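# Survey of secondary and tertiary structure
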Amino acid sequence: ELKKSWVKRAKCFEGDYRQYMPIGEETPTEFLNRVTPSEVCAGCPVFADCALSAVRFNDVEVVKGGILLTQEPYNSNGLDNYSKFLNAVIFHPLATDEEIKHCKVELKSSRTRERIKLKKLEEARKERERRKRERERKRKQEAKSARRGL
């Protein structure tokens with residue numbers, strides 16, 4: 001069973017715990033402008049225990065396992081940090097089958113969301129290039145027409 005004794009070994013244990021959660025009405029975006037969770041948790045000896053605890057107790061609005069836990073942590077933290085968090089739980093020796101399954105499903109869906117996001121960005125880039133080529137073609141055509149009119 002996961003015991004809270006790991007908390008005392010956490011890198012953040014001696015510090016001001018309030019720095020690891022949004023203050024007052026601070027939004028996740030504002031919080032992430034102030035704090036970088038992956039840096040806060042880098043090198044922490046109990047990273048995996050912290051991540052498992054966050055999943056097990058459904059923590060939100062606090063930094064655990066290198067990410068800011070929100071209702072949709074992938075959106076706040078990006079794929080790399082969220083994947084590291086989920087994998088810490090998946091490979092934790094005390095994780096239950098249900099927790100592992102939940103994290104694997106979430107990992108797969110977050111990767112899918114990232115692929116969709118990248119595809120939309122690529123489509124938008126191609127559309128911008130197409131419009132630029134079209135403007136350039138029209139400009140050249142107008143210049144050619146102007147030369148013929150002289």
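Residues numbered from 1 in each chain as written. Predicted model: local features only at pLDDT ≥ 70, side-chain atom pairs only at ≥ 80, totals over all residues. Heavy atoms only, no water.

## Focus on the overall build of the protein chain
Each helix and strand counted, the protein chain has five helices and two strands in total. Going from the N terminus to the C terminus, the protein chain shows its helices and strands as α-α-α-β-β-α-α. Considering only intrachain contacts with a sequence separation of at least 6, the fraction spanning at least 24 residues in the protein chain is 57%. When the accessible surface of the protein chain is split by element, carbon and sulfur atoms take 52% of a total near 10,700 Å². (Helix = DSSP H or I, 4+ residues; strand = E, 2+ residues; numbered from the N terminus. Contact = heavy atoms within 4.5 Å. Areas by Shrake-Rupley, 256 points an atom, 1.4 Å probe, with all protein chains shown as cover.)

## Observations regarding helix 5 (residues 97-149)
Taking 1.5 Å of rise per residue, the 53 residues of helix 5 would be expected to cover 78 Å, and the 78 Å separating its terminal C-alpha atoms lies within 8% of that figure. Taken together, the buried positions of helix 5 are Glu99, Ile100, Cys103, Glu106, Leu107, Ser110 and Glu114. (Expected span 1.5 Å × (residues − 1). Buried < 20%, exposed > 50% of the residue type's maximum accessible area, 1.4 Å probe, protein only.)

## Topic: helix 3 (residues 47-56)
The element helix 3 is extensively covered by neighbouring structure, given that seven of its 10 residues are classed as buried. Regarding helix 3, the residues found buried are Phe47, Asp49, Cys50, Ala51, Leu52, Ser53 and Ala54. Directly after helix 3, the chain includes Asn58, whose backbone phi takes a positive value near 50°.

## Digging into the nonpolar core
Ranked by size, the top nonpolar core spans 24 residues in total, and within it Val63, Leu69, Phe85, Leu86 and Val89 carry the most contacts. Those elements that place two or more of their residues in this core are helix 2 (37-41), helix 3, strand 1 (62-64), strand 2 (67-69), helix 4 (73-90) and helix 5. The leading source of residues in this core is helix 4, at six residues. Setting aside its immediate chain neighbours within four residues, Phe85 contacts Ala51, Ala54, Val55, Lys64, Gly65, Ile67 and Leu69. In terms of nonpolar packing, the next biggest core, distinct from the first, is built from five residues, Trp6, Ala10, Cys44 and Val46 among them. (Core = buried A, V, L, I, M, F, W, Y, C linked by side-chain atoms within 4.5 Å.)

Geometric descriptors of this kind do not, in isolation, establish any biological role.
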